Amino acid sequence: MDYYRLRGTGVSPGIAIGEVRLTEKVVFSARKETILADKASEELERLEAALKRTRKQLVQIKEKIRIKLGEDHSFIFEAHLLILKDKSLILGLRTKIEEDLFRSEWAITQVHNHYMTIFDSISDDYLNQRKYDVTDVLSKVYLNLQPTDAPKREDGTDSVLVAHDLLPSEAASRLSRGNVLAVALDVGGTTSHTAILARSLNIPAVMGLRDITHNVKDGDTLIVDGIDGEVIINPPLAIRREFIGKKKKYDDYRQELQKTATLEARTLDGVRFTPLANIELPEEVKVAQSMGAEGIGLFRSEFIYFQSAELPGEEDHFRIYSQLAQQAAPLPVYIRTIDIGGEKALPQMQIEKEPNPALGLRAIRFSLRERKIFRIQIRAILRASVTKNVSILIPMITELEEVQEVKILLREAQDELRQEGIAFDENIPLGVMIEVPAAAAITDKIAREVDYLSIGTNDLIQYYLAVDRSNELVSYLFKPLHPSVLRLLKFIIDSARKAGKEVTVCGEMAADPLSAIVLLGLGLKNFSMNPIFIPRIKRVLRSIEYGTARKIVHRALTLKTAQEIEEHILESVLVKHPTALLMGGEYPSA
Ligand code: PEP
Ligand code: MG
């Protein structure tokens, strides 16, 4: 048994040790098999029976997943049922049997190949990926041609799931069984559906391992380290012991942090702050609350567009927002209208390639150009707002005219709904993201036009410091504690306070312990972040006084470099509260 270590991306923290279960890849027929002409109708019946069986299985699994994981995850099976009903697909299969006299296995293989060629010719990444859904459905039909009563491989035992990729449907059905200790995939990243699901089910996962499927076989022992993004195949005893220790430490750490979730969010001198969660799926609300989130500070709605091959309609949006609002109620939910365009291309539309996507047709710029799409989204958010806990959040505002334009469109949508007799929250708050430096510099003006502000420090810092947030060559310059950033943040937070408007930070900065102290010192009370980080930040902010944070910032604003500022915070905090930052530093990647 060979011992290897592979590096990937840790997408769901935690450590698990277990036996490998490789997901079987479906192998379609490699051999041309024909039938006699007088057997065609018998063969068609065989195909029909397999289609029927597949349909029944899909309906069953859809219902099972809906009960276990909710509508959103079961939706994928609806899409598969539609594929199964697709007239041209079924006709293709029948023709291959009736006219070409192919045996069903060979007919399915040929039709599958045909679809793969079509999908491969589509350059759009998202649509191209839909080919796996067709593979998924056809492989089920293929297996159902030979229904077997032989018991399936024992599925009940706990194991580590290893696969090249997992289709959302597979992820939903496999991960919900409760016997998956961890997940290791060749492909995928932090925002993939499987990653989100793994995080919400608390299953450690590493993705982007390239070729783990070629390096393991069923029964191998695997350590999956979702904290540091590593997978160890057939570890020797000493390594195993090391990771059992690391696992225990991490589990204790997690448990300890979890306790913080139920404690009150107050600084040592009694000042209230509000931890909020950034999420992408309604299913994440529960996990967020269990981590101590007092609301959803940022719902990234663009993920709705990445989940279906068609442009989502008003009902699709409405279903998701209602689920989100109801799950979170009475806690607040800030639904951000789509931040799409540029590199996050809308999968269903061909958008011209832009020379500089980060400075191009993104977010509200896109929405104001594609008004039909925007209108659908606004109407759906309004309809979901009857629970009275929904706010609308507009991303990438650059100038005041955009805010005014949005308000006109919002009013129009409200008038329409009123005329149609559809209920919505008449006082739904409208807020904007401050993430373009030009908007930041006129926060005092913008604040008067809106109900609240949300600072997107990821983009704000990227644009203010002219540092591409995802370019490793310049990432050393991406410094949230740069003195310029602090001055700008001070102006934004002060302007919001003077205008009497709430302000939140929803960029990664809110999840960093040192930065969170600075933000508190600047007067910020609402911290929105990936739910995993909430207990850590709560713990840090509960360990210091608001007064101390104010003093730290007062001095920090006089310093010249990010390093000086960082050292100053560290010294000031550690002198007064030596343990305040302990939990933050131990597992920074978790
Ligand atoms: C941000 O820019 O800080 C933000 C929260 O938005 P996103 O990361 O989705 O661009
Ligand atoms: Mg942003």
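Predicted model only: the values in this text are computed from it and were never measured.

Undergrad: Describe in detail the pattern of salt bridges, supporting the description with residues and values.
TA: If you walk through the whole model with that rule in mind, you get 37 salt bridges. As a salt-bridge pair, E105 and R46 come within 2.6 Å of each other at their nearest N and O atoms. One end of the pair, E105, is in helix α4 (residues 104–120); the other, R46, is in helix α1 (residues 40–69), and 59 residues separate them in sequence. Judged by relative accessible area, which is 6%, E105 ranks as buried. Overall, R46 belongs to the partly exposed group, its relative accessible area being 22%. The salt bridge involving D494 is made with R497; its shortest N-O contact spans 3.1 Å. Placement of both D494 and R497 in helix α19 (residues 483–498) is noted, with a separation of three residues, approximately one turn of the helix. Relative accessible area serves as the criterion here: at 16%, D494 is assigned to the buried category. A network of salt bridges, in which partner residues are shared, links E314, E315, R375, R379, R383, E416 and E420.

Undergrad: Please provide a residue-by-residue account of the confidence of the model for the chain, values included.
TA: With 91% of its residues at a pLDDT of at least 70, the chain reaches an overall mean of 88. With pLDDT under 50 throughout, residues 150–154 is counted as low confidence; its partners more than four residues away or in other chains account for five contacts. Within the model, pLDDT remains below 50 along residues 584–590, and this stretch shows 19 contacts once partners closer than five positions in the same chain are excluded.

Undergrad: Tell me about the coordination of the magnesium ion (ligand 2), and please be specific about residues and values.
TA: When four donors bind a metal tetrahedrally, each ideal donor-metal-donor angle is 109.5 degrees, and when six bind octahedrally, the ideal angles are 90 or 180 degrees. On the protein side, the magnesium ion (ligand 2) has E435 (OE) and D459 (OD) as donor atoms, found 2.1 to 2.2 Å from it. Of this pair, E435 sits in the loop between β13 (430–434) and α16 (437–441) while D459 sits in helix α18 (residues 457–464), and the two are 24 residues apart along the sequence. Comparing E435 with D459, the two get one shared label, buried.

Undergrad: Account for unusual backbone geometry, with residues named and values stated.
TA: With glycine set apart, most residues show a phi of negative sign, and most peptide bonds adopt trans. The amide bond that connects A329 to the next residue, P330, takes the cis arrangement and shows omega of 5°. By secondary structure assignment, the location of P330 is in the loop between α12 (314–328) and β11 (333–336). The phi angle at K388 is positive, at roughly 65°, despite the residue not being glycine. Mapping K388 onto the fold places it in the loop between α14 (371–384) and β12 (390–394). Residue class for K388 comes out exposed when judged on its relative accessible area of 59%. One non-glycine residue, M396, adopts positive backbone phi at about 60°.

Undergrad: An account of the environment of R55 is requested, with residue identities and associated values reported.
TA: You can see R55 is positioned in helix α1. For R55, a relative accessible area of 30% puts it in the partly exposed group. When the C-alpha positions of R55 and E302 are compared, they lie 30 Å apart, and in sequence the two are 247 residues distant. Discounting chain neighbours no more than four positions away, the residues touching R55 are L81 and L84.

Undergrad: So what's going on with the pairing of strand β9 (residues 274–279)? Residues and values would help.
TA: Burial analysis of β9 places six of its six residues in the buried class, the great majority of the element. Here β9 shows a buried face lined by T274, L276 and N278 and a second buried face lined by P275, A277 and I279. Across three bridges, β9 lies against strand β10 (residues 296–300) in parallel orientation. Its bridge partner lying in β10, A277 is registered against I296. At this point the chain moves from β9, through helix α11 (residues 284–290), to the parallel β10, and the crossover so formed is right-handed.

Undergrad: Now, about the site of ligand 1: what can you tell me, with residues and values included?
TA: Near ligand 1, the surroundings consist of 14 residues, among which R300, R336, G456, N458 and R469 are the closest. Contact distances for ligand 1 include 2.7 Å between an oxygen atom and a side-chain N or O atom of R300. With respect to ligand 1, the backbone of D459 contributes an N or O atom lying 3.0 Å from an oxygen atom. Protein contact buries 98% of the 290 Å² of open area that ligand 1 shows by itself.

Conventions we followed
Each chain has its residues counted from 1, running along the sequence as written. Chains and ligands are labelled sequentially in the order written, the chains with letters from A and the ligands with numbers from 1. Totals for whole chains, interfaces and linings use every residue, but because this is a predicted model, local features are given only for residues with pLDDT of at least 70 and side-chain atom pairs only at 80 or more, for both listing and counting. To obtain the side-chain values, all non-hydrogen atoms of the structure were used and water was disregarded. Throughout this description, the term salt bridge denotes a Lys or Arg side-chain nitrogen within 4 Å of a carboxyl oxygen of Asp or Glu. Numbering of helices and strands runs from the N terminus; a helix is a DSSP stretch of H or I covering at least four residues, while a strand is a stretch of E covering at least two. Remark: exposure states derive from per-residue accessible area (1.4 Å probe, protein chains only) relative to the maximum for the residue type, with buried under 20%, exposed over 50%, and partly exposed in between. The predictor's confidence in any single residue is recorded as pLDDT, a number from 0 to 100. By definition, residues are in contact when any of their heavy atoms lie within 4.5 Å. In this listing, donors mean N, O and S atoms no farther than 2.8 Å from the metal, or 3.2 Å for Na, K and Ca; water is missing from the atoms, so a site can look incomplete. Here, any two strands with at least 2 DSSP bridges between them count as paired. Think of it like this: strands point away, you trace from the first strand over the helix to the second, and a clockwise trace means the crossover is right-handed. By convention in these notes, a residue is near a molecule or strand provided one of its non-hydrogen atoms lies within 4 Å of it. Each polar contact in these results corresponds to two N or O atoms within 3.5 Å; when the atoms are within protein, one needs to be able to donate a hydrogen and the other to accept it, and residues that are neighboring in sequence are counted only if both atoms are side-chain atoms. For accessible areas, the Shrake-Rupley method is used with a probe of radius 1.4 Å. Any residue's cover is judged against the shown protein chains and nothing else.

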